[in-house]
Amino acid sequence: MAVQHLAYHIRAEYLDLPIDWGQIFKKQGNLIVEIGFGNGEFLLRKAKEQPFDLFVGFETSLTSLVKIQKRLFAEGIDNVRVCLVDGRFGLREFFNDLTVSTVYMNFPCPWPKKSHQSRRFTVAGFADTLVAVLKLGGIFSMTSDVLWYVEDMRNVLLETGCFEQRLFQTNKQIVVGTRYERKWINEGRETYTLVMEKIKHKTIDRLTWGEQDMPHVHLKDAKEEKIPFLSDQVFKSPKGVFVVKGVYKKQSEEEYLLRIVSNEENFQQRYFISIRKEKDGWLVKLDPDAFAYRTPVVKYSVQKIAEVIST
Ligand SMILES: C[S@@+](CC[C@H](N)C(=O)[O-])C[C@H]1O[C@@H](n2cnc3c(N)ncnc32)[C@H](O)[C@@H]1O
């Protein structure tokens, strides 16, 4: 049981993207997404109410991910899969155009501080993702206690020219039945529900589609003495940035591991690059335990590190 319940978690780093959801669920059905499912009660209730639909939940909290899997297993629910990844990235990269029926977002963190603005769902790109992945007639539904956030979301969706507003409602009682909703309603706050319908289609570029092979760079020779000095270096490319957070040498072998943090289009990844001495030179590659999506900056980081230590 301890292991079986983990089968609901989709790790997509090594899957061909977009994900073949029919294959994952072993059946076809309407695809419905919830971003930031928290304790999962909305997602579980919907999945039980609509057993022929297929539900995909995105979360960034590992605790939430583990909790919901235990409940899915205990209740024998087979039409839900969950992913531990920023919903903005997952929605864009894991779904083909015109495939999603509904996207729900209940009480997303508004990130009111200016320094946290890039974490909001109103940042450039998310509206375009909805325009791409939703079916024509597909729905985006957001409920929140933060009026300005709901209004901002409505405005960025209207600006795409691909959505029409179907509902903007002020609530004084429970609408979606989640923990955060109960909390705010109990405190006497009003909440707001926005429902937007997609009326026009436009596609977008994806970061990870197409070539998924990871560049392995073989070097005839490398300047090993340069490797420790990579620590704390920042490398910029037109697509984004990566930082070498640390350099570690394995005692037993001639191998270095570089701890990397990359950032592109508001999507951060943490992974390792390995630099290993081989019989005929050096091999620079993404460490197999890295679990990184092969985005342009991840590929660039391997090539750039190889370039720096070879010259
Ligand atoms: C305020 S809670 C709301 C939880 C639940 N929807 C509810 O109404 O009770 C926001 C949730 O969104 C998750 N979250 C925040 N940013 C996210 C992102 N970019 N992608 C996916 N989940 C995210 C958080 O981990 C948290 O569980």
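Quick notes on the rules
- Residues numbered from 1 in each chain as written.
- Predicted model: local features only at pLDDT ≥ 70, side-chain atom pairs only at ≥ 80, totals over all residues.
- Heavy atoms only, no water.
- UniProt positions renumbered as here; feature names shortened; annotations may be inferred.
- Helix = DSSP H or I, 4+ residues; strand = E, 2+ residues; numbered from the N terminus.
- Buried < 20%, exposed > 50% of the residue type's maximum accessible area, 1.4 Å probe, protein only.
- Contact = heavy atoms within 4.5 Å.
- Salt bridge = Lys/Arg side-chain N within 4 Å of Asp/Glu carboxyl O.
- Polar contact = N/O pair within 3.5 Å; in protein donor to acceptor, adjacent residues only side chain to side chain.

Glancing now at the UniProt feature "binding site: substrate" (unreviewed entry) in the chain. Following the UniProt record, the feature "binding site: substrate" (unreviewed entry) maps to K113, D145, T178, R179, Y180 and E181 here. These annotated residues cover 69 residues of sequence, and their C-alpha atoms reach 24.5 Å apart at the extremes, leaving them scattered rather than at a single site. Mapped onto the elements of the fold, T178 is located in the loop between strand 6 (163-171) and helix 7 (179-186). Overall, the relative accessible area of 11% leaves T178 in the buried class. Excluding anything up to four places from it in sequence, T178 contacts E41, F42, N106 and F107. Relative to the assigned elements, E181 resides in helix 7. We classify E181 as buried; its relative accessible area is 0%. Those residues within four positions of E181 in sequence are excluded, and the remaining contacts are F107, T143, Q173, I174, V175 and V176.

Our next topic: the pattern of salt bridges. Applying the stated criterion across every chain, the model contains 17 salt bridges. One salt bridge connects E75 with K48, and the closest N-O pair in it is separated by 2.6 Å. Linking E75 in the loop between helix 3 (62-74) and strand 3 (80-84) with K48 in helix 2 (residues 41-49), this pair joins segments that are 27 residues apart in sequence. A relative accessible area of 47% means that K48 is categorised as partly exposed. Of the charged contacts in the structure, one is a salt bridge between E278 and R276, with a shortest N-O distance of 2.8 Å. Looking at E278, the relative accessible area reads 23%, which means it is partly exposed. Several salt bridges share partner residues, and in doing so they unite K48, R71 and E75 into one network.

Note on backbone geometry: most residues besides glycine have negative phi, and most peptide bonds are trans. A cis amide bond links L17 with the next residue in sequence, P18, at an omega value of 0°. On the secondary structure map, P18 appears in the segment before helix 1 (21-25). We note that W111 has phi near 45°; this positive angle belongs to a residue other than glycine. As for its position among the elements, W111 is in the loop between strand 4 (100-106) and helix 5 (126-133). One non-glycine residue, D232, lies in the positive phi region at around 70°. Inspection of the secondary structure puts D232 in the loop between strand 8 (217-219) and strand 9 (234-237). Look at D232 and you get exposed, because its relative accessible area is 59%.

This part takes up the UniProt feature "binding site: S-adenosyl-L-methionine" (unreviewed entry) in the chain. The sites that UniProt annotates as "binding site: S-adenosyl-L-methionine" (unreviewed entry) are E34, E59 and D86. Separation in sequence by 53 residues is not matched in space for these annotated residues, since their most distant C-alpha atoms are only 11.7 Å apart. Mapped onto the elements, E59 comes out in strand 2 (residues 54-59). Setting aside residues up to four positions removed in sequence, E59 forms contacts with G36, F37, G38, S64, C83, L84 and V85. Here the side chain of E59 touches F37 through a polar contact of 3.4 Å, landing on its backbone nitrogen. When you line up the elements, D86 lands in the loop between strand 3 and helix 4 (87-94). Setting aside residues up to four positions removed in sequence, D86 forms contacts with T60, N266 and F267.

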